[in-house]
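If you want the building blocks of each chain, they are given just below.
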Amino acid sequence: MQIEIGQHLINRLKEININHIFGVPGDYNMPLLDMIEDDPETVWGNNANELNASYAADGYARIRGAGAVVTTFGVGELSAVNGLAGSYSEMLPVIHIVGTPSTKSQKKKAMLHHTLGDGDFDVFYRMSEMISCASSHLQINNAIAEIDRVISQSFLKKRTGYIGIPIDLIMAKVEVPEIKPLQLSLAKNAVQTQEIALKVVTDAISKAEHPVIVVDGCVLRHGATEIVQEFVTRSGFPTYVAPMGKGAVDESLDSYRGCYSGNITLEGIDKEIKKADLIIEVGSIKSDFNTGNFSYALDRSKTITLHSFATIVFLAEYQKVSMLEFLPLLTASLPKEPRVFNLGPRDKPLPIQPGTEITQNYLWNKVPEFMDENAIICAETGTSEFASFNMSAPKGATYITQFLWGSIGYTVGAALGAAIADRKRRVYLFVGDGSFQLTAQEVSVYLHHGITPVIFLLNNDGYLIEKLIHGPHRAYNNFQMWQYSKALDFFGAHLERNIKEGCSKVGFEGKVETRDQFESAMKEVQASPDKIHFLELIMPRFDAPRELELLVATSENR
């Protein structure tokens, strides 16, 4: 049988649950965009720029398991690199597809537009190799196999993949004897090693008087929330999440105790962790922001760590014993009745303090009252991200943050991808004024696709996290004030032409300065889930969440 190379690529993306492909048109990729637009099962992203498109693909991957972005050679692909490096860093399989000049022009080393003028057509490919687990610049004789290799490796390793496709190969037909499904299953654990590890771990559990579980971000990346939930429920052990693991555990469980992040942890939670005589870490990511600037007080001699690639019991490592296969076996080995621990009420943040201003303390205590179940909560780097991990989550909530890469403006694009990935779930975007100025154009794309997120613009007049670290009164930490609450209007939400073409319906849009105004606005938001809402929250200039203040106090960059 014969198949066009571009169509095979689209088919393989659909095979890993990608039906929306983000990106920006360019003259080297447009034949592929024709195919995407003509395919009844795929939708083109129509992004404002390549950086935002890469953020959108990242957000989509956090909900669907994988994402894709299409750019053009040179100028387009380099604009997306920051977002793709973030996906690599945060372990997300985003496939970067780049339309490149024709094989004829490349062979001639022609001095084409979007090149460096030196005849090197692999220079940008080599750059992206450094932030990809698999990459390829396709040739006619290997295109099918290379597409399959890059996509499979990216999906299995949870890292970005790069595919450069010359424009003349997009519609080229190649002969293929048979197209088999992609191999997307991890290798089985080493049987004997796993049996030994299981015996050692169950023995340690049986001897522990105060065992605890700490769940982290790799559980989310590997889609392991269900098997973790079963382990948590059957064991009955007190369970905590790290900041990057927020959303991986049902917070309504009696055994859920809160978020652990080293020295910025709530005092009661910190005491419970320190009392433990056995700590079971699941999917840990030991980055600075995820561990309170490396202040985790976890004694390795009483810690069991379950990873996707190995199981570590105290100081012994069992290679190729993945938590994905090991954890269900461990759960099955536990007593059928969960153990009971009487730890008392769960420690929670300081309750709402008196006043009329919208403070960090008020906002993060109050806003969960107005959120839907199964919410997708996008919390931008800075105040929102740090405040979010101690907020009370709605049941079934997913959190989208970027604790490791930390590129400001990321959530504006990521919220688009997340909302498109699952239109049945309501998206709540919390973004600071400074971050919003980097990626605000993507609000136009929200409207274009008819999505209906609730946007909270936290206006504290400047880069607060930077002010807390260094230069609180320096000019470089301030910027031009915008009329943020008029963003939807500026991006065409009320134009008759856009309304006729399916633009999002608009609900609340305005500036919110007091608590009474906030609660009134949120009642309107609750009553209109089919509309997009934009709340510009006026907040005290130097007011910061407790967690951020504690982290900054130990920053080496002050």
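Keep in mind it's a predicted model, so treat the numbers as computed, not measured. (Residues numbered from 1 in each chain as written. Predicted model: local features only at pLDDT ≥ 70, side-chain atom pairs only at ≥ 80, totals over all residues. Heavy atoms only, no water.)

## Concerning the overall build of the protein chain
A tally of regular secondary structure across the protein chain gives 22 helices and 21 strands. For a compact globule of 558 residues, the expected C-alpha radius of gyration is about 24 Å, and the protein chain comes in at 24 Å, within 12% of that figure. In terms of overall dimensions, the protein chain has C-alpha extents of about 70 × 65 × 45 Å along its principal axes. (Helix = DSSP H or I, 4+ residues; strand = E, 2+ residues; numbered from the N terminus. Rg over C-alpha atoms; globule rule 2.2 N^0.38 Å.)

## Some thoughts on the nonpolar core
Ranked by size, the top nonpolar core spans 81 residues in total, and within it I5, L32, I151, F436 and Y446 carry the most contacts. Excluding its chain neighbours within four sequence positions, the residues that come into contact with I5 are L138, I140, A143, I147, I165, L169, I170, A172 and V174. Within the second largest apolar cluster, 49 residues are counted, among which are L198, L253, V321 and L327. (Core = buried A, V, L, I, M, F, W, Y, C linked by side-chain atoms within 4.5 Å. Buried < 20%, exposed > 50% of the residue type's maximum accessible area, 1.4 Å probe, protein only. Contact = heavy atoms within 4.5 Å.)

## Here's the deal with the side chain of R221
Assignment of secondary structure puts R221 in helix α9 (residues 217–221). For R221, the residues in contact, after removing those within four places along its chain, are R62, E90, M91, L92, K158 and M244.

## A few points about the packing of helix α3 (residues 50–64) against helix α4 (residues 75–89)
The relative placement of two packed helices is expressed as an angle between their axes plus a distance between the axes. Their axes nearest at 7 Å, the elements α3 and α4 cross at an angle of 30°. As judged from the angle between their axes, α3 and α4 are roughly parallel. α3 and α4 meet at a crossing whose hand is right-handed. Residues E50, L51, S54, Y55 and D58 of α3 lie in contact with α4, whose contacting residues are G76, S79, A80, N82, G83, L84, G86 and S87. Among the residues forming the contact of α3 with α4, the class breakdown is four nonpolar, seven polar and two charged. (Axes fitted to C-alpha atoms, helices over the stretch in contact; angles between N-to-C directions. Parallel < 35°, antiparallel > 145°, perpendicular 65-115°, else oblique. Left-handed = near helix turned anticlockwise from the far one by under 90°. Nonpolar A, V, L, I, M, F, W, Y, C, P; charged D, E, K, R; others polar.)

## Concerning the pattern of salt bridges
Summed over the entire model, instances satisfying the criterion amount to 23 salt bridges. A salt bridge links R12 to E15; its shortest N-O distance comes to 2.7 Å. In this pair, R12 and E15 are both assigned in helix α1 (residues 5–15), three residues apart and thus about one turn of the helix distant. Between D120 and R126 there is a salt bridge, and its shortest N-O distance comes to 2.7 Å. For D120, a relative accessible area of 24% gives the class partly exposed. What makes R126 partly exposed here is its relative accessible area of 40%. A single network of salt bridges, built from pairs that share partners, joins D58, R62, E90 and R221. (Salt bridge = Lys/Arg side-chain N within 4 Å of Asp/Glu carboxyl O.)

## Observations concerning unusual backbone geometry
The phi dihedral of N374 falls on the positive side, at around 60°, and the residue is not glycine. Structurally, N374 can be placed in the loop between α13 (360–366) and β16 (376–379). One non-glycine residue with positive phi stands out, namely D461, at about 60°. For D461, the position within the fold is in the loop between β19 (454–459) and α18 (464–469).

## Topic: the sheet that holds strand β13 (residues 303–306)
Taken together, the seven strands give an open sheet; going across it, the order is β11-β10-β9-β12-β13-β14-β15, and neighbouring strands pair in mixed fashion. Strand pairing shows two members of the sheet lacking a second neighbour, β11 (256–259) and β15 (316–319), which therefore form its edges. Sheet twist, expressed as the mean angle between neighbouring strand axes with direction ignored, is 15°. The pairing of strand β9 (residues 211–215) with strand β12 (residues 278–282) spans five bridges and is classified as parallel. Counted as the bridge partner of V212 is I279 from β12. (Pairing = 2+ DSSP bridges.)

## Some thoughts on the sheet that holds strand β17 (residues 398–400)
Taken in spatial order, the six strands of this open sheet run β17-β16-β18-β19-β21-β20, and their pairing is parallel. Both edges of this open sheet fall to β17 and β20 (506–512), since each of them pairs with a single strand only. Put simply, the sheet's adjacent strands are angled 15° from each other on average, direction ignored. Where β19 lies against strand β21 (residues 532–538), six bridges are found, and the strand directions are parallel. Bridge assignment links L458 to a residue of β21, and that residue is L537.

## Comments concerning the pairing of β19
With six of six residues buried, β19 lies mostly within the body of the structure. Side chains V454, F456 and L458 of β19 all project onto a buried face; the interleaved residues I455, L457 and N459 project onto the opposite face, where all are buried too.

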